[in-house]
Amino acid sequence: MKNKVRMRTSLSEEIESLLNDQIKKEAKSSFLYLAMSAWCERQGFVNSARFFEIQSDEERQHMKRIFNHISSVGGNAITPEVVNIQQEFESFRSVFDIALDQEIAITLSISNIVDKCTLAKDYTTINFLNWFLTEQVEEEAIARRCLEIFDIVDHQGLGFLMIDREIALVRGKGSEQQQ
Ligand code: FEO
């Protein structure tokens, strides 16, 4: 029963619960991107497969970052159960459309927690979440750039291969835009 006892902490149960929800959302992002990676691999888009594999690893790191934070401030971090991950996708482009929607949803979710923290005067958690807000600017920029490539290049035959080749370069360019 010891793990059910809540330690004395400045973290409110409401914020703890929102952070645990965020753990689950980051885990879901990680698994979704892994499924996207596998789908791209099956279609022969090896660079995009690698792109989503890296993205999946990053989301897992985000999940762990929140998990460790909850534990280090004396809260109860909950290992998430993640089900119903989309495995099949309508088209190459739709994968990137869904990825951008996912990033926007994550940004809004973190902003919502910051809103709640502001009301609760929980400046410790706001300080912790600022890193995520900065990260989301980059993640959305990368996802938008991927879709831009689809708009620029013809969506057929060799065009798909060009898109896949360009996707391999996006991560570096996305980071440069932030500097
Ligand atoms: Fe961790 Fe891209 O959201």
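Residues numbered from 1 in each chain as written. Predicted model: local features only at pLDDT ≥ 70, side-chain atom pairs only at ≥ 80, totals over all residues. Heavy atoms only, no water.

Describe the environment of Gln 86, naming the residues involved and giving the relevant values.
Position of Gln 86 among the secondary structure elements: in the loop between helix 2 (46-72) and helix 3 (92-119). The residues contacting Gln 86, other than those within four sequence positions of it, are Leu 32, Ala 35 and Ile 98. Here the side chain of Gln 86 touches Glu 88 through a polar contact of 3.0 Å, landing on its backbone oxygen. (Helix = DSSP H or I, 4+ residues; strand = E, 2+ residues; numbered from the N terminus. Contact = heavy atoms within 4.5 Å. Polar contact = N/O pair within 3.5 Å; in protein donor to acceptor, adjacent residues only side chain to side chain.)

Got a sec to walk through the pattern of salt bridges? Specific residues and values, please.
Applying the stated criterion across every chain yields a total of 7 salt bridges. The partner of Arg 171 in a salt bridge is Glu 58, with the nearest N and O atoms 3.4 Å apart. Taken together, the residues Arg 171 in helix 5 (residues 157-178) and Glu 58 in helix 2 connect sequence positions 113 residues apart. Judged by its relative accessible area of 26%, Glu 58 is partly exposed. The salt bridge partner of Arg 145 is Glu 148, with a shortest N-O separation of 2.8 Å. Taken together, the residues Arg 145 and Glu 148, both in helix 4 (residues 123-152) and 3 residues apart, mark about one turn of the helix. Salt bridges sharing partners connect three or more residues here, namely Arg 93, Asp 97 and Asp 151. (Salt bridge = Lys/Arg side-chain N within 4 Å of Asp/Glu carboxyl O. Buried < 20%, exposed > 50% of the residue type's maximum accessible area, 1.4 Å probe, protein only.)

Tell me about the packing of aromatic side chains, residues and numbers included.
For any two aromatic rings, the description comes down to two numbers: the centre-to-centre distance and the angle of the planes. Enumeration over the complete set of coordinates arrives at 13 aromatic pairs. Ring centres of Phe 92 and Phe 150 lie 5.1 Å apart, and the angle between their planes is 75 degrees; this geometry places the pair in the edge-to-face category. With Phe 92 in helix 3 and Phe 150 in helix 4, this residue pair connects regions lying 58 residues apart in the sequence. Taking 5.8 Å as the distance between ring centres and 65 degrees as the angle between the ring planes, the aromatic pair formed by Phe 92 and Phe 160 counts as edge-to-face. With Phe 92 in helix 3 and Phe 160 in helix 5, the pair connects residues that are 68 residues apart, well separated along the chain. Three or more aromatic residues link up through ring pairs in this structure, and these residues are Tyr 33, Phe 45, Phe 51, Phe 52, Phe 92, Phe 96, Phe 150 and Phe 160. Arg 171 extends its terminal NZ or CZ atom over the ring of Phe 51, reaching a point 4.9 Å from the ring centre. (Phe/Tyr/Trp six-rings, centres within 6.5 Å; stacked < 30°, edge-to-face > 60°. Lys NZ or Arg CZ within 6 Å of the ring centre and 35° of its normal.)

How would you sum up unusual backbone geometry? Please name residues and give values.
If you check the backbone angles, Asn 84 has positive phi at about 60 degrees while not being a glycine. You can see Asn 84 is positioned in the loop between helix 2 and helix 3. If you check the backbone angles, Lys 121 has positive phi at about 55 degrees while not being a glycine. On the secondary structure map, Lys 121 appears in the loop between helix 3 and helix 4.

Describe in detail the environment of Arg 171, supporting the description with residues and values.
Its relative accessible area of 16% is what places Arg 171 among the buried residues. The spatial distance from the C-alpha of Arg 171 to the C-alpha of Leu 108 is 22 Å, given a sequence separation of 63 residues. Setting aside residues no more than four positions away along its own chain, Arg 171 makes contact with Phe 51, Ile 54, Gln 55, Glu 58 and Ile 142. Separated by 2.8 Å, the side chains of Arg 171 and Gln 55 make a polar contact.

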